[in-house]
Amino acid sequence: MTQAATLAPLAVSPEDAGRMSGHARSAIYEALASGQLPSFKSGRRRLILVTELNAWLHRLAKENAR
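Read on for a plain summary of the structure. (Residues numbered from 1 in each chain as written. Predicted model: local features only at pLDDT ≥ 70, side-chain atom pairs only at ≥ 80, totals over all residues. Heavy atoms only, no water.)

A short note on the sheet that holds strand β1 (residues 11–12)
Across a sheet, paired strands are connected by hydrogen bonds in the backbone, their directions being either parallel or antiparallel.
Consideration 1: The 3 strands are arranged β1-β3-β2 in an open sheet whose pairing can be described as antiparallel. Among the strands making up the open sheet, the edge pair consists of β1 and β2 (40–42).
Consideration 2: Pairing between β2 and strand β3 (residues 45–49): 3 bridges, direction antiparallel. Across the sheet, the residue bridging to Lys-41 is Arg-46, located in β3. (Pairing = 2+ DSSP bridges. Helix = DSSP H or I, 4+ residues; strand = E, 2+ residues; numbered from the N terminus.)

Examining the side chain of Ser-21
Consideration 1: The residue Ser-21 is located in helix α2 (residues 14–21) in this model.
Consideration 2: At a separation of 2.8 Å, a polar atom in the side chain of Ser-21 contacts the main-chain carbonyl oxygen of Ala-17. (Polar contact = N/O pair within 3.5 Å; in protein donor to acceptor, adjacent residues only side chain to side chain.)

Shown next, in the form of structure tokens:
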């Protein structure tokens with residue numbers, strides 16, 4: 001195994017964020033549009049820091065806890 005294969009990503013695309021979180025891609029884009037989930041552009045790509053994705057998921061869990 002190469003070293004690159006063992007490193008976790010620091011930022012992911014909205015599509016990958018959806019796969020990682022179990023949310024639909026449209027839900028990720030809605031969170032981006034509303035400002036709930038911060039992102040940035042790198043060239044033409046939209047990226048989301050994994051730390052921001054985790055923080056957003058934790059906020060959702062707290063807001064929607066029963």
